[in-house]
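What follows is each chain in one-letter form.
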Amino acid sequence: MSLALATLLYEWRRYMAAVMALALSGLLVMAMTGLFIGIGRGFTAQIDRAGADVMVLAPGAKALGNGPSGVPRRFIPLVYRHPEVVQVRALSGWGGQFQSIKEYDPTESAAERAKRGAPRQEQVQISVIDTAPGAVTIPTDYSDELVNALRQPYTVAVDETALRRLGVKLGDKALLNGNTVTVAAVTRGYPNMMVAQIVVSRDTLRMIGGPNDSSLRVGPLMVKLRDPTRAPIVAAQLNEMGGGQYRAWTRGELAQANEASMFEEGILVVIIGGCVVLGTIIGVAITWQTLRGAIMANIKEFASLRALGVGMGSLRRIIMELSFWVGIVGVLAAVLLTWLVSILALAGAVIIAITPGMLIVVGGGLILIAMLSGMLSLGVLKNSQPADLLR
Amino acid sequence: MMTTKVHGNHGDFAIEAKGLRKRFKTGRTFIEVLKGVDFDARHGDLTMVMGPSGSGKSTLIAALSGLLRPEEGRVDALDVDDLWKLSSGRIDKFRLDHCGFIFQGFNLFPALTALQQVETVLKFQGLSDGDAKKRAKAALEEVGLGPRLHMRPSSLSGGEKQRVAIARALAKDPKILFADEPTSALDGENGQIVIKLLRRAASEHGAAVICVTHDPRLEAWADRIIKIEDGVIIDDRRHVPDPNAVLASHH
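In this text, all values refer to a predicted model and were calculated from it rather than measured experimentally.

## Some thoughts on the overall build of chain B
Then, number 1: The number of helices and strands found in chain B is 6 helices and 9 strands.
Then, number 2: Relative to its length of 251 residues, chain B is compact, with a C-alpha radius of gyration of 18 Å against a globular reference of 18 Å.
Then, number 3: Dimensions along the principal axes, computed over C-alpha positions, put chain B at roughly 50 × 45 × 40 Å.
Then, number 4: For chain B, with 251 residues in total, the buried portion stands at 53%.
Then, number 5: In chain B, 71% of the contacts between residues at least 6 apart in sequence involve partners at least 24 apart.

This is the structure:
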């Protein structure tokens, strides 16, 4: 084992401040980035788990909701012209007002009633599924029971993470755009921090006054193929057939484009960039000072090595190796902390997504910070004057 | 046991210095610590440099070993003419190849075991891991620390720590061994072990051992005793060492 590694392991308390500084810098950046990716995932969850092999969106659109992603209705027969397409359905969405209903006991006093709080009203995003068996609009992770429940008129499904926000629980009645609906199912894994999403059948949507079969524009088209493995080829062929009027995506392509489009938002770059700058400054400052102190604590030992003829260059290499190891431990601590925070966040329906790419970039950054701090603290080695030991 | 390699011929000059001058600035005045000192030391000799504190004896060995540049004078060591003409990197290399150092404080890395302390320096000398381990083990066994190879400084006594430091210096098989007050932090018994090890480095390995001390009882083991006061050598005499001398306890 090298001197640097042995020192770090044996005197780990001395290096704890540096490791923690790196871990917290890493946490700051990873948690913020992960949070935004997580928010994006809330929107992309629908794409990832859609039953469609190919999706047809308006040109330029990179998300299912969130902007003009729909196409004219006449594109449905256009897409059907491809021989491998077996089913095309529009993914209709609609906005709505959701209001919980509170049943009051008429004998209750006004004060008691007030304690239970007022009913809640929330803006929601309504998305739609077809309840016919094998419909392409049913997400892959929906159970038959869930689809059966939604097949009843005036029923809605709410994600478990939105229940509290909407003030309802399974079986409750509520008002959706003025229509009484029943919460007939609870979904899992569709958290959305921005707006609660509820799912209804296409028939229910029509009955509560949403877009129906006569509207000229529909949402993005969900396309099922005879052979799903040929999705990339069919998507390319569909794009050729469309001549630029629409864009056909495979599921993977769209999910990727969707995630990437998050970071086209200027404000996200500013926030994450700010976190990176802040994290770097804090990380370097604390790691530098900690390393300085640690080197000073062993300065006599370094001086005795100098006396024995070990050159300054070799001592510098020891310090750089030490900072490298501090960086490695810092990365491990950062990953652990971020993982813990993401578990905590998930309990509150907030997704902090940790992606491998992010780990590599942030991990590399932390090691760089540690090495930079090591370079800054090389100056104290000048104090390793062996002549000082002779007194 | 370590293979005994004898450096040079007993009695040959290992180091020779002429007209060393060194001044230190304190406040606005300069203090001349070395006032034109001529010095030499021979292979196989345990040369004792004695003097009260502030006499310049530590400064002398710093100048001899290439640690502290004198204002005037030259040092010829082994086959190097005028050590101080070399670049600082070359001086480091010279020390790495030929010099051992033992200090009053032991200056061992707290994180390393006795074996690792010695190995580390050997690896810097360019030895392979296996060779470094073998040599380090042999050196530690020579100073009687065979059973303590895997202990860290925190679990070694003061005497044992100094023996690790000696093993670290001896493992390099140095031609010149500098020791600065090697026994002053030790009790009589451990001091005796240490001075005997230095004696052996001179007699058996043929190293030129230059030992700075203010402890007159160490004289018994010396081949040559040089007294220095106020930066001037006032006495230089040869002496027949008594290998069976006993260093009484300080207490």
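## Some points on helix H4 (residues 129-142) of chain B
Residues and elements named next belong to chain B.
Then, number 1: In this model, H4 (14 residues) spans 20 Å end to end at C-alpha, consistent with the 20 Å of a helix rising 1.5 Å per residue.
Then, number 2: Ala 132, Arg 135, Ala 136, Lys 137, Ala 139, Leu 140 and Glu 142 are the residues of H4 that are buried.
Then, number 3: Buried residues along H4 sit against helix H3 (114-124) and helix H5 (158-171).
Then, number 4: With its phi angle positive at about 85°, Gly 144 sits one or two positions after the end of H4.

## Concerning unusual backbone geometry
All names here are of chain B.
Then, number 1: Positive phi is not limited to glycine here, since Leu 78 has a value of about 50°.
Then, number 2: With respect to the secondary-structure elements, Leu 78 resides in the loop between strand S4 (72-77) and helix H2 (88-98).
Then, number 3: Positive phi values are uncommon outside glycine, yet Glu 181 reaches one of about 45°.
Then, number 4: Judged by the 22 C-beta atoms lying within 10 Å of it, Glu 181 falls in the buried class.

## What to know about the domain arrangement of chain A
Residue and element names in this part refer to chain A.
Then, number 1: Split by domain assignment, chain A resolves into domain 1 (3-42 + 265-389) and domain 2 (93-210).
Then, number 2: Computed over C-alpha atoms only, the centres of domain 1 and domain 2 are separated by 47 Å.
Then, number 3: If you look at the interface, domain 1 gives 5 residues, while domain 2 gives 5 residues.

## Quick look at the nonpolar core
Then, number 1: Counting 126 residues, the largest nonpolar core has Leu 60, Val 118, Ala 167, Leu 198 and Val 209 of chain B as the members making the most contacts within it.
Then, number 2: Counting residues per element, this core draws most heavily on helix H2 (residues 12-48) of chain A, at 15 residues.
Then, number 3: If we ignore the near neighbours within four places in the chain, the residues touching Leu 60 of chain B are Leu 20, Leu 34, Val 37, Phe 39, Val 49 and Ile 228 of chain B.
Then, number 4: Listed in part, the 59 residues of the second largest apolar core include Phe 43, Ala 50, Ala 52 and Ala 157 of chain A.

## Concerning the pairing of strand S7 (residues 173-176) of chain A
Residues and elements named next belong to chain A.
Then, number 1: Side chains Ala 174 and Leu 176 project from S7 onto a buried face, and the interleaved Lys 173 and Leu 175 project onto a face without burial.
Then, number 2: Taken together, the 3 bridges between strand S4 (residues 93-100) and S7 define a ladder with antiparallel strand orientation. Residue pairing across strands places Phe 98 opposite Leu 176, the latter belonging to S7.
Then, number 3: Pairing analysis gives 4 bridges linking S7 to strand S8 (residues 179-187), with the strands arranged antiparallel. Of the residues in S8, the one forming a bridge with Leu 175 is Thr 180.
Then, number 4: Connecting the antiparallel pair S7 and S8 is a turn made up of 2 residues, with Asn 177 showing a positive phi of about 50°.

## Looking at the environment of Thr 113 of chain B
Residues and elements named next belong to chain B.
Then, number 1: Assignment of secondary structure puts Thr 113 in the loop between strand S5 (99-102) and H3.
Then, number 2: By C-beta crowding, Thr 113 is classed as buried, having 22 other C-beta atoms within 10 Å.
Then, number 3: When the C-alpha positions of Thr 113 and Pro 153 are compared, they lie 7.0 Å apart, and in sequence the two are 40 residues distant.
Then, number 4: Other than its neighbours up to four places away in sequence, Thr 113 contacts Leu 149, His 150, Met 151 and Arg 152.

## Some thoughts on the interface of chain B and chain A
Then, number 1: With 26 residues of chain B at the contact, the number on the chain A side is 21 residues.
Then, number 2: Put simply, the parts of the chain that give the side of chain B that touches chain A at least two residues each are helix H1 (57-64), H2, S5 and H3 of chain B.
Then, number 3: Of the residues forming the side of chain B that touches chain A, the biggest block, 6 residues, is contributed by H2 of chain B.
Then, number 4: Each residue belonging to the side of chain B that touches chain A can be placed in one class, and the counts come to 15 nonpolar, 6 polar and 5 charged.

## As for the sheet that holds S4 of chain B
All names here are of chain B.
Then, number 1: The 3 strands lie next to each other as S2-S1-S4, forming an open sheet whose pairing is antiparallel. With partners counted over all chains shown, the strands left at the sheet margins are strand S2 (29-42) and S4, one partner each. Here the strands of the sheet are splayed against their neighbours by 20° on average, with no regard to which way each runs.
Then, number 2: Here strand S1 (residues 13-26) runs beside S4; their pairing, made up of 5 bridges, is antiparallel. Looking across to S4, one finds that Arg 21 is bridged to Glu 72.
Then, number 3: The strands touched by H1 within the sheet are S1, S2 and S4, with S2 carrying the most contacts at an inclination of about 65°.

## Things to note about the environment of Gly 357 of chain A
Then, number 1: Along the chain, Gly 357 of chain A falls in helix H13 (residues 356-376).
Then, number 2: Counting along the chain gives 241 residues from Gly 357 of chain A to Arg 116 of chain A, while the straight-line C-alpha distance between them is 47 Å.

## Here we look at the environment of Ala 345 of chain A
Then, number 1: Relative to the helices and strands, Ala 345 of chain A is located in helix H12 (residues 312-347).
Then, number 2: Through-space distance from the C-alpha of Ala 345 of chain A to that of Glu 84 of chain A is 43 Å; in sequence the pair is 261 residues apart.

## Things to note about the packing of H12 of chain A against H13 of chain A
All names here are of chain A.
Then, number 1: H13 packs onto H12 with a crossing angle of 145° between their chain directions and a minimal axis gap of 8 Å. Handedness of the H12/H13 crossing: right-handed. On H13, the residues that touch Ile 319, Met 320, Leu 322, Ser 323, Phe 324, Val 326, Gly 327, Ile 328, Gly 330, Val 331, Ala 334 and Val 335 of H12 are Leu 359, Val 362, Gly 363, Leu 366, Ile 367, Ala 370, Met 371, Ser 373 and Gly 374.
Then, number 2: Looking at the contact of H12 with H13 residue by residue, the classes come out as 15 nonpolar, 6 polar and no charged.

The rules behind these values
Residues numbered from 1 in each chain as written. Chains lettered and ligands numbered in written order. Predicted model: local features only at pLDDT ≥ 70, side-chain atom pairs only at ≥ 80, totals over all residues. Helix = DSSP H or I, 4+ residues; strand = E, 2+ residues; numbered from the N terminus. Rg over C-alpha atoms; globule rule 2.2 N^0.38 Å. Buried ≥ 20, exposed ≤ 12 C-beta atoms within 10 Å, placed from the backbone. Contact = placed C-beta atoms within 7 Å. Expected span 1.5 Å × (residues − 1). Domains from an automatic or database assignment. Core = buried A, V, L, I, M, F, W, Y, C linked by C-beta atoms within 7 Å. Pairing = 2+ DSSP bridges. Nonpolar A, V, L, I, M, F, W, Y, C, P; charged D, E, K, R; others polar. Axes fitted to C-alpha atoms, helices over the stretch in contact; angles between N-to-C directions. Left-handed = near helix turned anticlockwise from the far one by under 90°.

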